[in-house]
Every structure is written in structure tokens, then in C-alpha cells.
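Understanding the architecture of this molecule
For reference, the chains in residue letters:
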Amino acid sequence: MNKNLNLEEIINLKNLFKKDSKAFIKEIKEYLFYLRKDKDIKHFSNLIENLNEEITDIAPFISENLNYMFSLMIKKHYYREIVKYMGIIEKSVNFETMELLKNMIKVPNIMKYIQNIDIYRIKKLIFETSTKKKNRDNIFMKSSLEIESPELEWINII
């Protein structure tokens, strides 16, 4: 795949997404790995802008590479682009990126770059992701206790 996607390649990727989503995921992973290696934010933005709906649909499956690029964008102060890609970030965010988002909204004069509503969306994302993490941890704890519980009951019987 060419580093700079032309119109034909974008159309081919859209068609591939409609026909075979697994093959599409594989192609996008390879392309993202290539962009990640070069730390190429420009071509990453081009990819997202041209295949936004498709990338949003598969974001959980390619989250590792997406989060790396989003983290890089935050560290390089591409705040407006981060806001443009919030739909994808919401579906793929990991805790490292979430921490960077927390720090991003604490930047002095961040309102020069992004609007209040976008700051609200980021705060909402952080809150919801933190809540999901707590719920997953609680579910894991509860399930592990239920698994261990029968063993403990046998101890009392003996």
C-alpha cells in the first residue's frame, strides 16, 4: 500500500470493507503499522478523513495502533485534530490515551484550540471510560470470588 493513499486506493478500501471486513482490518492494520513506524500524523489524518465511517466501525480491533497515533497527536499538540476524531477515540481509547486527554484539557488556554463543548465531550469520555474500568474490575472480582466460593464451601464441610 502506498504511503499517500490516492482516490483509487481509498475506493478499493471502501469496497473491501463492504465485501470482507477481516481483510479490511488486516490492510488497515498494516497501513497503520507503517504510519506508526514513521510517526506520520499527516497521512494518518488523511486516512481517517477518507475512511472515517469504516475506521470508526473497526476501531476496537485496531485500537493499539490508533491509540499510539492519538497519543502522538496529543503530545505534538494537534488538539483540533483530536477533537475531530473523538468518535473514533470513544470507541478505541485506552488508559494511556485517556491520561493524555486529561492532561490535554488542563493545558492553559486550551480554549484557543478547542471549544467548551469539546472539552465537555472529552471530560465525559474520561468519566465513562473510568466507570467502565471500575465496572469491569468489579465484575472480574465478583466472578473470581464466585469461582473460589465453591472451594471455600467444601472447606467448611470437611
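Residues numbered from 1 in each chain as written. Predicted model: local features only at pLDDT ≥ 70, side-chain atom pairs only at ≥ 80, totals over all residues. Heavy atoms only, no water.

**Here's the deal with unusual backbone geometry**
Apart from glycine, the bulk of residues carry a negative phi angle, and the bulk of peptide bonds sit in the trans form. This is how the line gets drawn: Under the DSSP-based scheme used, a helix requires at least four consecutive residues in state H or I and a strand at least two consecutive residues in state E, with every element numbered from the N terminus. The cut-offs for exposure are 20% and 50% of the maximum accessible area for each residue type, with area from a 1.4 Å probe on protein chains only; residues under the lower value are buried, those over the upper are exposed, and the others partly exposed.
Of note in this structure, lysine 39 is not a glycine but carries a positive phi near 55°. With respect to the element layout, lysine 39 can be found in the loop between α2 (21-38) and α3 (41-50). For lysine 39, a relative accessible area of 47% corresponds to the partly exposed category. Positive phi outside glycine occurs at asparagine 109, with the angle close to 60°. We classify asparagine 109 as exposed; its relative accessible area is 51%.

**So, the packing of aromatic side chains**
Stated precisely, the cut-off is as follows: Stacked, tilted and edge-to-face are the three classes assigned to paired rings of Phe, Tyr and Trp, where Trp is represented by its six-membered ring and a pair needs centres within 6.5 Å; plane angles under 30 degrees give stacked, over 60 edge-to-face, the rest tilted.
In the structure shown here, the tally under the stated rule is five aromatic pairs. A centroid spacing of 5.0 Å and a plane angle of 70° characterise the contact between phenylalanine 17 and phenylalanine 24, whose relative ring orientation is edge-to-face. Assigned by exposure class, phenylalanine 17 and phenylalanine 24 land together as buried. Ring centres of phenylalanine 70 and tyrosine 85 lie 6.4 Å apart, and the angle between their planes is 40°; this geometry places the pair in the tilted category.

**Regarding the confidence of the model for the chain**
Applicable threshold: The predictor attaches a confidence to each residue, and that confidence, scored 0 to 100, is pLDDT.
In the predicted model, the chain carries a mean pLDDT of 85, and the fraction of residues at 70 or more is 82%. When mean pLDDT is compared element by element in the chain, helix α5 (residues 63-75) scores highest at 95, while helix α9 (residues 116-157) scores lowest at 66.

**As for the packing of α5 against helix α8 (residues 95-105)**
Each pair of packed helices can be summarised by the angle the axes make with each other and by the distance between the axes. The criterion, for reference: Angular values range over 0 to 180 degrees, each being the angle between N-to-C directions of two axes fitted as lines to C-alpha atoms, with helices fitted over their stretch in contact. Roughly parallel means an angle under 35 degrees; roughly antiparallel, over 145; roughly perpendicular, 65 to 115; everything else is oblique. In this scheme, a crossing is called left-handed if the near helix is turned counterclockwise away from the far one by less than a right angle; it is called right-handed if the turn is clockwise. Note on contacts: a residue pair qualifies if any of its non-hydrogen atoms lie within 4.5 Å across the two residues.
Direction vectors running N to C along α5 and α8 enclose 20°, while the axes themselves pass 9 Å from each other. By the angle class used here, α5 and α8 are roughly parallel. The two elements α5 and α8 cross, and the hand of that crossing is left-handed. Each of Asn67, Phe70, Ser71, Ile74 and Lys75 in α5 lies in contact with α8, whose residues at this interface are Glu96, Thr97, Leu100, Leu101 and Met104.

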